[in-house]
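# Remarks on the overall topology
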Amino acid sequence: MLEQVKDRLLSFGYVPKEEDESALLFSIRKVSREIQNDCNAASIPEGLLHIAVDRSVGEFLLAKKTFSPEGLDGIDLSAAVKELREGDVSVSFHLGDGSFTAEQRLDSFIRHLVDYGQAEFSAYRRIKW
């Protein structure tokens, strides 16, 4: 999953560095455990792997923004991301009047990634005995 997370980061304009690897692995383990615990599964169900990748990216970006924000210079949300829609839910990152700052758009984007896919967990949840 590490390579998928790195590829996803690249798609957002962030080039993973060698020193990011331990933080990436930590984020992947954290998200994997959360999904496994929520679903009561020994491993991440295949149908939730894409969610695990996005959530891992979100956890990594959140940590990076908190502890080393200058390292996120490659991510530009000024024009690329304005709104995400999934079913009847949408998240807007930019209003027509430009009232959101770049940092606010980044915060909204990270929040979306960290929370992404929670509703899909129920399809894979197993009953605990």
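The preceding data block contains the structure.
Quick summary incoming for the structure in this document.

What counts, and where the lines are drawn
Residues numbered from 1 in each chain as written. Predicted model: local features only at pLDDT ≥ 70, side-chain atom pairs only at ≥ 80, totals over all residues. Heavy atoms only, no water. 1 Å grid on protein atoms, 1.4 Å probe; cavity = no way out; pocket = protein on both sides within 12 Å on 5 of 7 lines; lining within 4 Å. Points joined across faces, edges and corners; volume = space filled by probe spheres on them. Helix = DSSP H or I, 4+ residues; strand = E, 2+ residues; numbered from the N terminus. Nonpolar A, V, L, I, M, F, W, Y, C, P; charged D, E, K, R; others polar. Axes fitted to C-alpha atoms, helices over the stretch in contact; angles between N-to-C directions. Parallel < 35°, antiparallel > 145°, perpendicular 65-115°, else oblique. Left-handed = near helix turned anticlockwise from the far one by under 90°. Contact = heavy atoms within 4.5 Å.

### Regarding the layout of surface pockets
Volume-wise, the largest pocket comes out at about 250 Å³. If you go around the largest pocket, you meet 14 residues; those closest to its centre are Glu86, Val89, His112, Tyr116 and Gly117. Those elements that provide at least two residues to the lining of the largest pocket are β1 (83–86), β2 (89–92) and α4 (102–115). Of the residues contributing to the lining of the largest pocket, the split by class is five nonpolar, four polar and five charged.

### Overview of the packing of helix α3 (residues 49–67) against α4
Following both chains from N to C, one finds α3 and α4 inclined at 140 degrees, their axes separated by 7 Å at the closest point. Classified by the interaxial angle, the pair formed by α3 and α4 is oblique. Between α3 and α4 lies a crossing of left-handed hand. On α4, the residues that touch Asp54, Arg55, Val57, Gly58, Glu59, Leu61, Leu62 and Lys65 of α3 are Glu103, Leu106, Asp107, Ile110, Leu113, Val114 and Asp115. Considering only residue class, the contact of α3 with α4 consists of seven nonpolar, one polar and seven charged.

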